[in-house]
Every structure is written in structure tokens, then in C-alpha cells.
Amino acid sequence: MDVFTALQTAVSGLKAQAFSLENISGNIANSQTTGYKRVDTNFVDLVAEQAPNRQVAGSVAANSRLTTTIQGSINATEVPTNIAINGPGFFVVQTKTGDANNQTTFSSGNVYTRRGDFAPDKDGYLRNGGGAYLTGTSLDPVTGRATSEGPIQISTSTLPAKATSTINYAANLPKTPATKNYSSTVAGSELLPATGFATDPRITTGTGTATVAPGDASKLLANSINGPSLTAYTASGAPVTINTVWAKVANGDASATPATNDVWNLFYQNNNAVDSSASTWTNAGTAFAFNSSGQLVTPTTTSVSIPNLTVNGIDLGAISVAYGAGGLTAYTATAATTRTLTQDGYSAGQLNSVSINAEGEVVGSYSNGNSVALAKVAVVQFTNPDGLKADSAGNYRQTLESGSPRVGLNGATIEGSNVEQSNTDIASEFSKMIVTQQAYSANTKVISTAQDMMSSLINIIR
């Protein structure tokens, strides 16, 4: 190695340290940029081919090293459509290419980003601060089925009403119901009697229907306990209140051969515009039989259907009462205890707000109190995320080194009302900047020394 080679090596050192300073300056400049991933610098020695006894230190080159896999801190925001990925992965986004006939057009290819400061634009598209548009699967708010793939657009259309089709109900019925007519000294006084009615309203085996006339309603109410009461909805969204009572119609005998079971019937009020004792009541049509352990043995299904459930002259159609496995029991108690009571209908509603849940669903909250999934956010992961090519505005492009995207969270979670901050640490960058400055200055000293040596060589012949 001679003086001239030393000059070349020192110049490569200046270039490498200048490259490092460029990365450091970019990291500091983007320390507050949402989703920014800092760029570190790797130094590589370049050695010319020499015999072992003539080996020299060689020059140096600087290469960038991405930190795409290093997550920044996740900070809460007040914007419900801001989202952050907790764990590996990228949002799939597209960029806007223009407007045609008042319709936004987008690029055909996808890019990927960790920048999740999304907010609706004037057309309802979710756009982040870098100008990228969030993509995913749009869902029908009524059926929940996928309708399209691409940039997510939040519609402000009215959510149409949905008729009630299923009531989810779970409860425990008392072994001995404390009805108005119950007396601990009168055997069977807790049961709904067969006599005193125009027609026997009870179903003790199998299925069927029976109606209790207004003149017999008081006797039904005196020999029953309150059941679930809830509001159901017609196809047009009109609310209808369904009131029910439970009546025990038979006591079981575990010692009999074969053993018999406790039997309950469910009745619903046909007209809630009048006093309950002035209305007709209809048997729901199923005998609910419980064994001596309080477990439901009949019916063996996890739901029953009430045909043509009619209240106030409004036919709600066939309503399914779903209680699930173990949802109805008859353990020792004095009153019915409701554990679950919901229904799937609702009236029409206007969109009030939009948020994003942990599963990556864009959920719309409506004025009718209903929350519906409107879209599913697209999230992908790469085998080698550091192999992605950084693009402007916080976006990345797929390369051969990154591999193909794998769709799904795959263990990561979505944090709504949060954004991921830059993973740049200012203190660390300042430390690297001091080291870079010292190394740069040291390389200039090499050049100065080499110049002095060359001057000495030239002065020999003077």
C-alpha cells in the first residue's frame, strides 16, 4: 500500500461516513413521522486480492440496512379510524391516480405500509397522512357477505331495517315456581291446572298450540311466573314488544318406572296494548321437559320455532328461540333467572360513527343502536420484510428478496384509535452522529498526512 492508495482509502472513508450521516439526518428528520422505519448503516471492508504477506487493510463501503421489522411505539389518538398493527404485518394500500367523472381512480398495483393514520376523505375512502388509501373487503351491512375488494369506502346510506328471526335465550327455571296460587301445604298448587279453562292450554307431551281466552287469562297469570320480555322488529322496522310467562304443567317422578320429568310451557301475550289479564295468550307450542337433575331432555334440539308469532295483530312469522346446549335448566330456585336475552332484528338507522376492532373489521355504529361490520381491513405479512423496497410516503413495494405476501394477521392484532410512531430514537441517533463526525474527521487527517508525505517526497528533488 502506498501513499496514493492511502488517499483513495481515506476518500472511501469520507464517502462512507457521509453516507452514514445522510441516513442519520433522515432518521432525525422523520423521528415524528407516523410509521417511519429508521435506516441504519452497515460498513463493509473492500480488500484487493493480494498474497497473504502483502495483505492490506483496504477501503470501505457503506450500505443501508432497513429496520422494517422493528416496531415503533403505539400511541393512542382521538380518531377512531386510526389503526396500528401490534406485531408483524403491513396494511395493503393503493395510491390515487386521478378523478374521472367525479369518481376516484386508483393504481392497479398494491403497496404496503405501517402508517395507520387513516381518516375518511370527502368521498368516504380511508386515506392516511401519506396519501395512501386503505384496501380490504367491503361487506354487505345486512347479510355480512363480501361485496367487493379494493379501497374501503364508508357509505353513509341508511341501514335498512331487519326483521327479527331469532331470539337467543338462556335461563334457569325454578324447581317449584312461586306463583300467586302456590301454597306449600297444597300439593300441585305450583302447576297450571287443566280445568277452569275453555280449552286445556297445556302441552304435556309433544307439540301443539293452544290459546288462552281473555276470560281465562287471570287464571293463567295466577299459575305462572314471568318469562322473558323483549322488543322484536317487523320487516319495516316497527318495534313489537313480546311478553311471555312460564307455566309448569307437570311434576316428574324419578322413582317411577319409567321415570317421568318436570314439564314447562311457554306462553306469549297476543295484545300488549291492554292489560295482560284482558289479552289472549298463546302457547308457544313446545313441551320443555327437565329430568330430576334439572337438565333439559326434551326437546333434544338447541332451538325451537314459534310459528306465526302474532302480537297486536302483527304477524312476526316464525321466530326461532335458540337456547343452545345447556341454555335452559330447572335447578332449585323460586324464580326464573335470565342469563341471556337478545334478538337479531332492528329498525332502520343512520350512521353515527365508524371504528375498527381488534379483528380488523371496520364497524359502523348506527342511530338504532346497532353495530355492523362494513369492511375487513387487508393485512399481509412477508417472509423477509426487510427485503421490501422503500417507497415515498411511508410505502413499501414487493421485491424478490421480500417474497410474496401472506394474507392475514397471523398472530398480530389491530389496535383501533392508535397509530404506530417512528422507531427512531433521537438519543441513539445523536450518539451515532458524534461517532460519524469523529470518523469523518479522522479520515480527513489521513488525507492531510498523506499530503504532507507527498510534499516531503517532492521536496527531495528540489
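Rules used throughout
- Residues numbered from 1 in each chain as written.
- Predicted model: local features only at pLDDT ≥ 70, side-chain atom pairs only at ≥ 80, totals over all residues.
- Heavy atoms only, no water.
- Helix = DSSP H or I, 4+ residues; strand = E, 2+ residues; numbered from the N terminus.
- Buried < 20%, exposed > 50% of the residue type's maximum accessible area, 1.4 Å probe, protein only.
- Salt bridge = Lys/Arg side-chain N within 4 Å of Asp/Glu carboxyl O.
- Phe/Tyr/Trp six-rings, centres within 6.5 Å; stacked < 30°, edge-to-face > 60°.
- Contact = heavy atoms within 4.5 Å.
- Polar contact = N/O pair within 3.5 Å; in protein donor to acceptor, adjacent residues only side chain to side chain.

**A closer look at unusual backbone geometry**
- With an omega of -5°, the peptide bond running from T257 to P258 counts as cis.
- Secondary-structure assignment places P258 in the loop between β15 (239-250) and β16 (262-269).
- A cis geometry characterises the amide bond from T298 onward to P299, with omega recorded as 0°.
- Position of P299 relative to the elements: it lies in the loop between β19 (296-298) and β20 (303-306).
- One non-glycine residue, S417, adopts positive backbone phi at about 55°.
- Secondary-structure assignment places S417 in the loop between β33 (413-416) and β34 (418-420).
- Residue classification places S417 among the partly exposed positions, given a relative accessible area of 26%.

**Structural notes on the side chain of T286**
- Summarising the element assignment, T286 is placed in the loop between β17 (281-283) and β18 (288-290).
- For T286, a relative accessible area of 9% corresponds to the buried category.

**Structural notes on the pattern of salt bridges**
- For the structure on display, the rule yields 13 salt bridges.
- D40 serves as the salt-bridge partner of R38, at 3.1 Å between the closest nitrogen and oxygen.
- A relative accessible area of 8% places D40 in the buried class.
- Across the pair K122 and D123 runs a salt bridge, and its minimum N-O distance is 3.1 Å.

**Comments concerning the packing of aromatic side chains**
- Per the counting criterion, the structure on display carries 10 aromatic pairs.
- Each ring, one from W246 and one from W264, has its centre 6.4 Å from the other, and the planes form 85°; the classification is edge-to-face. Here W246 is found in strand β15, whereas its partner W264 is found in strand β16, with 18 residues between them in sequence. Accessibility assignment for this pair places W246 and W264 in one class, buried.
- Measuring from ring centre to ring centre gives 5.3 Å for W246 and F288, while their planes differ by 75°; the resulting arrangement is edge-to-face. Separated by 42 residues along the polypeptide, W246 in strand β15 and F288 in strand β18 bring together distant segments of the chain.
- Of the residues examined, F288 reaches a relative accessible area of 3% and is grouped as buried.
- Each member of the aromatic cluster is reached from another via a ring pair, and the members are F90, Y112, F382 and Y396.

**Describing the environment of S64**
- Of note, S64 is situated in strand β2 (residues 59-66).
- Taking C-alpha positions, S64 is 35 Å from M454, a pair spaced 390 residues apart along the chain.
- Beyond its immediate sequence surroundings of up to four residues, S64 is in contact with F19, N23, V39 and D40.
- A polar contact is formed between the side chain of S64 and the side chain of N23, at a distance of 3.5 Å.

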